[in-house]
Amino acid sequence: MKYVDEFRDGHAARALAAEIAAVVQPDRQYRLMEFCGGHTHAIARYGLSALLPDTVELIHGPGCPVCVLPIGRLDGAIALALEHDVTLCTYGDTLRVPGSGRMSLYKARAAGGDVRMVYSVDDALALARAEPQRQVVFFAIGFETTTPPTALALLTARAEGLSNFSVYANHVLTPAAMRHLLASGDGVTLDGFIGPSHVSTVIGSDAYADIARDSGKPVVITGFEPLDVLIGVRMLIEQINQGRAEVENQFIRAVTATGNRKARQVVDEVFALRPAFDWRGLGEVAASALAIRPEWSAWDAEVKFGLTTHSVADNKACECGAILQGRKKPQDCKVFATVCTPDNPLGACMVSSEGACAAHYAYGRFVSKEPA
C-alpha cells in the first residue's frame with residue numbers, strides 16, 4: 001500500500017494547496033467541475049475544498065451512472081421484473097433508487113419479482129447458463145468504463161447460444177454530457193473540467209479535444225487520490241491564467257491519448273449511437289447513449305420484451321437534478337439529511353455510492369469551507 005499512501009500524504013497535500021494559493025489571481029473566480037462521482041467522494045472524504053482558496057470552487061457534476069438514470073428507464077427495469085417474469089440482474093446501487101410512486105427494485109423484489117444483485121455482468125451470464133428455463137436480463141448501466149464488459153457478455157451469449165439471456169442497455173457517454181453542460185443555458189458557468197479517470201482509460205484523453213477547443217474550457221484528467229486531484233486543480237488554474245484551453249493528462253500512469261482500442265472495438269461491434277437519450281437532471285441529450293445494434297436484437301431486452309420508455313418527473317422535494325447540473329449543492333436541498341437520508345433516500349444522489357448527496361452525508365455534511 002506504500003504507493004497509494006504516497007498519493008494521500010497530508011504534508012504533500014498542504015504543500016500543493018500552498019502552491020495553488022500562490023498562483024491564483026485574487027481578482028478572479030475559478031469554477032471547476034469534477035465530472036466523476038469518484039472525484040466528488042475523494043474531495044469530500046479528504047476535505048480538499050477546505051484546503052483551497054475561496055476563489056477556487058469545486059462544482060459537482062453528473063458523473064454517477066445511477067444518479068443520471070431517468071426514472072422512466074428504471075420503471076422499465078421494474079416492469080421487467082414484475083410484468084414479464086424475468087430474472088433481473090442488477091448492481092446493488094440501483095436496487096434502492098426510487099422509481100414512479102416510490103417503487104424501487106427492492107420493493108419489486110418484495111412484491112414477488114425475481115431481482116438479484118450481481119457484481120458483474122458475468123454473474124448474470126452464469127445465472128443464464130445455470131437456469132436455462134428462466135429469462136435472465138442484465139440491467140446494464142454505466143459510462144464508458146462498464147460498457148466493454150457488457151459488449152463482451154453479448155458476444156459470449158451469442159457464441160454460446162444463450163437465448164435466455166438479454167441486456168437492458170442504459171450505457172451513456174461522458175463527452176456528450178460535458179458538451180451539453182457547457183451549451184445549456186440552464187447550467188452553471190464553468191471555467192474548466194476535472195476529467196474522469198476510469199472513463200478515460202477506455203476512451204483516451206483525445207476524446208475531450210474538441211470540447212476544450214470549441215468551448216475554450218480546459219480539461220485535465222486526474223486520478224482519484226487526493227494528491228491527483230490537487231495537482232489537477234493546479235494544472236487547470238495555470239491553464240486558465242495563461243488563457244489556454246487544452247486537454248492535459250495528469251493520470252499518465254493509467255490514461256493514454258487513444259485509450260483502450262480493443263475495448264472500443266468490442267463496444268463498436270455490439271453497440272450503436274442513440275440519436276438522443278434522457279438524463280436525470282440534464283434532460284434529453286443528443287448522441288449521448290448507446291443502443292444494442294439491430295443484428296443483436298435477440299439479446300436486446302428492449303426489443304425482446306417490447307419495452308417503451310416514458311418521461312417521469314422527479315420528486316418535487318428532491319433537488320437531485322439541479323445538483324447533477326452543478327447549479328446547487330446537496331446542502332441547498334431542503335430535505336437533505338432530514339427526510340432524505342441513505343436509509344430513506346428520495347433521490348438517486350443519496351442512494352448511489354458515487355452520488356454527491358451521499359458524499360456530503362458521509363463525510364461531514366455540516367463542515368464549512370474553512371478548515372478547523
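My aim in this report is to walk through the structure given alongside it, one point at a time. (Residues numbered from 1 in each chain as written. Predicted model: local features only at pLDDT ≥ 70, side-chain atom pairs only at ≥ 80, totals over all residues. Heavy atoms only, no water.)

Another aspect to go through is the sheet that holds strand 5 (residues 136–142). Across the sheet, which stays open at both edges, the four strands sit in the order 4-3-5-6 with parallel pairing between neighbours. Of all strands in the sheet, those with a lone pairing partner are strand 4 (114–117) and strand 6 (165–171), marking the two edges. Going across the sheet, the axis of each strand differs from the next one's by a mean of 20°, ignoring polarity. One ladder, built from seven bridges, connects strand 5 with strand 6; its direction is parallel. (Pairing = 2+ DSSP bridges. Helix = DSSP H or I, 4+ residues; strand = E, 2+ residues; numbered from the N terminus. Axes fitted to C-alpha atoms, helices over the stretch in contact; angles between N-to-C directions.)

So, on to the packing of helix 8 (residues 121–130) against helix 9 (residues 147–160). Two numbers describe a pair of packed helices, the interaxial angle and the distance between the axes. For the pair helix 8 and helix 9, interaxial distance at closest approach is 9 Å and the crossing angle is 20°. On the basis of the axis angle, helix 8 is roughly parallel to helix 9. Of the two possible hands of crossing, helix 8 and helix 9 adopt the one that is right-handed. Only P149, T150, A153, T156, A157 and E160 of helix 9 make contact with helix 8, whose side of the interface consists of V121, L125 and R129. Classifying every residue of the contact of helix 8 with helix 9 gives five nonpolar, two polar and two charged. (Parallel < 35°, antiparallel > 145°, perpendicular 65-115°, else oblique. Left-handed = near helix turned anticlockwise from the far one by under 90°. Contact = heavy atoms within 4.5 Å. Nonpolar A, V, L, I, M, F, W, Y, C, P; charged D, E, K, R; others polar.)

Here A272 shows up in strand 10 (residues 271–273). Placed 18 residues apart in sequence, A272 and L290 show a C-alpha to C-alpha distance of 5.5 Å. Ignoring any residue separated from it by four or fewer positions in sequence, one finds A272 in contact with A289, L290, A291 and R293.

This part is about the side chain of R274. With respect to the helices and strands, R274 occurs in the loop between strand 10 and strand 11 (276–279). R274 sits in the buried class, given a relative accessible area of 14%. Here L290 takes part through its backbone oxygen, which lies 3.0 Å from a polar atom of the side chain of R274. Apart from the residues within four sequence positions on either side, R274 is in contact with R73, A169, A287, S288, A289, L290, A291 and E302. (Buried < 20%, exposed > 50% of the residue type's maximum accessible area, 1.4 Å probe, protein only. Polar contact = N/O pair within 3.5 Å; in protein donor to acceptor, adjacent residues only side chain to side chain.)

Turning to the state of the cysteines, a few remarks are in order. For the coordinates displayed, the defined rule picks out one disulfide. Note on cysteine connectivity: C320 is disulfide-linked to C349, with sulfurs 2.3 Å apart. Torsion about the S-S bond of the C320 and C349 cystine: about 75°, corresponding to right-handed handedness. Of this pair, C320 sits in helix 16 (residues 320–324) while C349 sits in helix 17 (residues 348–351), and the two are 29 residues apart along the sequence. Taken as a pair, C320 and C349 share a single burial class, namely buried. No disulfide involves C36; its nearest neighbouring cysteine sulfur is the one of C64, lying 8.9 Å away. Since its relative accessible area comes to 3%, C64 is described here as buried. (Disulfide = S-S within 2.5 Å.)

We now examine the environment of D27. Checked against the element boundaries, D27 lands in the loop between helix 2 (10–23) and strand 1 (30–36). Put simply, D27 and T55 are 28 residues apart on the chain and 8.4 Å apart in space, counted from C-alpha to C-alpha.

With that settled, consider empty space enclosed by the protein. As enumerated under the stated definition, the model contains three cavities of 30 Å³ or more in all. Space inside the largest cavity adds up to approximately 70 Å³. The wall of the largest cavity is formed by C318, E319, C320, I323, C333, V335, F336, C340, G347, C349, M350 and C357. Every element with two or more residues in the lining of the largest cavity is listed here: helix 16 and helix 17. When grouped by side-chain class, the residues that make up the lining of the largest cavity number 10 nonpolar, one polar and one charged. Approximately 60 Å³ is the volume found for the second largest cavity. The wall of the second largest cavity is formed by 13 residues, among which G61, L324, E354, G355 and A356 lie closest to the centre. Within the residue set of the lining of the second largest cavity, elements represented by two or more residues are helix 3 (37–45), strand 2 (56–63) and helix 16. For the lining of the second largest cavity, the element with the most residues is strand 2, which contributes three residues. Classifying every residue of the lining of the second largest cavity by side-chain character gives six nonpolar, six polar and one charged. (1 Å grid on protein atoms, 1.4 Å probe; cavity = no way out; pocket = protein on both sides within 12 Å on 5 of 7 lines; lining within 4 Å. Points joined across faces, edges and corners; volume = space filled by probe spheres on them.)

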